[in-house]
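Fold and geometry: a report
Each chain, letter by letter, is given below.
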Amino acid sequence: QHKDAYQVILDGVKGGAKEKRLAAQFIPKFFKHFPELADSAINAQLDLCEDEDVSIRRQAIKELPQFATGDNLPRVADILTQLLQSDDSAEFNLVNNALLSIFKMDAKGTLGGLFSQILQGEDIVRERAIKFLSTKLKTLPEEVMTKEVEEFILTESKKVLEDVTGEEFVLFMKILSGLKSLQTVSGRQQLVELVAEQADLEQTFNPSDTDCVDRLLQCTRQAVPLFSKNVHSTKFVTYFCEHVLPNLSSLTTLVEGLDIQLEVLKLLAEMSSFCGDMEKLESNLKKLFDKLLEYMPLPPEEAENGENAGNEEPKLQFSYVECLLYSFHQLGRKLPDFLTAKLNAEKLKDFKIRLQYFARGLQVSIRQLRLALQGKTGEALKTEENKIKVVALKITNNINVLIKDLFHIPPSYKSTVTLSWKPVQKADASQKRASEDTTSSSPPKKASAGPKRDARQIYNPPSGKYSSNLGSFSYEQRGGFRGGRGRGWGGRGNRSRGRIY
């Protein structure tokens, strides 16, 4: 009954503007009464969604959720996902609202449409679908985001993560870490394993391959916030000690202004606090110790007249030493007799001499920094120069505490310090801000221990928190993120999807 009349309405999409506007309203209104014409009705509404007249398009999109019944819902979700490519802001908002409304009808069906386009759609559709998930999922109520729905998101995300760009990977980690079911210890452990898989910690590390280096850094950045006393960083710390530290000086990156070596050492320091039982602990501690020695110079030899034989004193790189000494101090707790039982007497004596020399330069720097900051409060501490000095004072104080521990007989590993770039809850507010706002990305100036130098030449200006450089990465090629696909990870040319539609 009335089937012919409904067919006339469907044919209205081929008429003029007035007929199309009426069709856009009446096709969805009577859709449920004519299941045998469902395909024709959806196709007719789709034609209207692609009409040249923007007002007709908007009307047709607004009504699309009415077609989302039963088996039709995934198809409507798929269509709406494709419509996310619209450049008309009002139209784009209508698509977002329509997707959210069908989400509340059937979350899994809607996600099926979204993920179908993420896996097989055009680049612009894929990009916007991922952004939709990363911004909208967290706004949905608990009754929509059930455990079953979250499990579906995790399963589908794993498929997508087999072939992603660095930027997409970061968005997916944001999506997954926001899921309630992954807030638990076992959930965070799952996420760490996902990141480790992406980082491909089984592969041989190539320090001169910028894709390889950037992938490792990007993955490690995503893993660091997940680590805790129950979720261990052992796999990452082991990889850094065995493969990255020995190649530290050969690391390359395309990111302008990034001190790649300091970046790696900061990440290692942050992870070292949460390292569990390590298989080759002594061997890795030795690698860390050897790298620390490179930045802990011996005192310059004195000539017969008592003056320095060399032209200038060795440079003290405080930012590097803070990271290495902290990491050594954290892992050293697991093998407290390393310095006394595992090193020969000559090596230990050499290390003590280096520590003593470094501590002398350190005291000079601390005195000069305290003098420079004395009496300064509020606005005075907000100048760029003073912000850097505040952080430099944190660095030097941290190193001082750690060196004192190692001077104990036997060496002690009991002191705790907060890394200079991490906020301290109870710290003076202006100092905390200074630590968080210092984002100078120039490589650290090498520092001399000479007491007659100006304070700014004595310490190493830090290069800022590692996360400040996240936005600098430009990853446009999907595929190389997990290696072995030969398409590269960073933005060097057009992105190739490697998919056949």
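Residues numbered from 1 in each chain as written. Predicted model: local features only at pLDDT ≥ 70, side-chain atom pairs only at ≥ 80, totals over all residues. Heavy atoms only, no water.

An unreviewed UniProt entry lists the protein chain under the name API5 inhibitor, with Platysteira castanea given as the organism. UniProt lists a comment for the protein chain under the heading Subcellular location (unreviewed entry), and it reads "Nucleus". Taken from UniProt, the Sequence similarities (unreviewed entry) comment for the protein chain reads in full: "Belongs to the API5 family." (UniProt positions renumbered as here; feature names shortened; annotations may be inferred.)

Points about the overall build of the protein chain
Helix and strand counts for the protein chain come out as 21 helices and 2 strands. Every one of the 501 residues in the protein chain was classed for burial, and the buried ones make up 51%. Taking all contacts inside the protein chain whose residues are at least 6 apart in sequence as the whole, residues at least 24 apart take part in 71%. Looking at the protein chain as shown, the accessible area adds up to about 23,600 Å², and 48% of this sits on carbon and sulfur atoms. (Helix = DSSP H or I, 4+ residues; strand = E, 2+ residues; numbered from the N terminus. Buried < 20%, exposed > 50% of the residue type's maximum accessible area, 1.4 Å probe, protein only. Contact = heavy atoms within 4.5 Å. Areas by Shrake-Rupley, 256 points an atom, 1.4 Å probe, with all protein chains shown as cover.)

Structural notes on helix α4 (residues 54-63)
Taken together, the buried positions of α4 are I56, R57, A60, I61 and E63. Within α4, the buried residues cover an arc of 165° as seen down the axis, which keeps them to one side. The inward-facing, buried residues of α4 abut α2 (17-29), α3 (38-49), α5 (72-83) and α6 (89-103). (Arc of directions from axis to C-beta.)

Digging into the packing of aromatic side chains
Enumeration over the complete set of coordinates arrives at 13 aromatic pairs. Measuring from centroid to centroid gives 5.0 Å for Y295 and Y320, while their planes differ by 40°, and the two rings are tilted. With Y295 in the loop between α15 (281-294) and β1 (315-316) and Y320 in helix α16 (residues 318-332), this residue pair connects regions lying 25 residues apart in the sequence. We note that Y295, like Y320, is buried. Put simply, the rings of F289, F328, F338 and F351 touch in pairs and so form one group of aromatic residues. (Phe/Tyr/Trp six-rings, centres within 6.5 Å; stacked < 30°, edge-to-face > 60°.)

A word on unusual backbone geometry
The omega angle of the peptide bond from I409 to P410 is -5°, so this bond is cis rather than trans. Tracing the sequence through the fold places P410 in the loop between α19 (384-407) and α20 (429-437). We note that D200 has phi near 55°; this positive angle belongs to a residue other than glycine. The topology assignment puts D200 in the loop between α11 (185-199) and α12 (210-223).

Here's the deal with the side chain of Q45
Structurally, Q45 is set in helix α3. According to the relative accessible area criterion, Q45 is buried, its value standing at 0%. What Q45 contacts, discounting residues up to four positions off in sequence, is A23, A24, I27, P28, A60, E63, L64 and F67.

Overview of the pattern of salt bridges
On inspection of all chains with the given rule, the structure shows 20 salt bridges. A salt bridge links D51 to K20; its shortest N-O distance comes to 2.7 Å. You can see D51 sitting in the loop between α3 and α4 and its partner K20 sitting in helix α2, a full 31 residues away along the chain. By the burial criterion, D51 is buried, and K20 matches it. Linking K291 and E294 is a salt bridge whose minimum nitrogen-to-oxygen distance equals 3.2 Å. On the criterion of helical spacing, the pair formed by K291 and E294 is a turn pair, its members being 3 residues apart in helix α15. Classification of K291 as buried rests on a relative accessible area of 7%. (Salt bridge = Lys/Arg side-chain N within 4 Å of Asp/Glu carboxyl O.)

Points about the packing of α5 against helix α7 (residues 107-120)
Here α5 crosses α7 at 45°, and the two axes come no closer than 7 Å. By the angle between their axes, α5 is oblique relative to α7. Note on packing geometry: the crossing formed by α5 with α7 is right-handed. Contact with α5, carried on its side by L73, P74, A77, D78, T81 and Q82, involves G109, T110, G113, L114, S116 and Q117 of α7 and no other residues of that element. (Axes fitted to C-alpha atoms, helices over the stretch in contact; angles between N-to-C directions. Parallel < 35°, antiparallel > 145°, perpendicular 65-115°, else oblique. Left-handed = near helix turned anticlockwise from the far one by under 90°.)

What to know about the packing of helix α14 (residues 260-272) against α16
With their axes 9 Å apart at the nearest point, α14 and α16 run at an angle of 25° to one another. In terms of their interaxial angle, α14 and α16 are classed as roughly parallel. Considering the relative orientation of α14 and α16, their crossing is left-handed. Contacts between α14 and α16 involve Q261, L262, L265, K266, L268, A269 and S272 from the first element and S319, Y320, C323, L324, Y326, S327, Q330 and L331 from the second. In the contact of α14 with α16, the residues fall into 9 nonpolar, 5 polar and 1 charged. (Nonpolar A, V, L, I, M, F, W, Y, C, P; charged D, E, K, R; others polar.)

Concerning the side chain of E322
Residue position: E322 is located in helix α16. Beyond its immediate sequence surroundings of up to four residues, E322 is in contact with I395, N398, I399, L419, S420 and W421.

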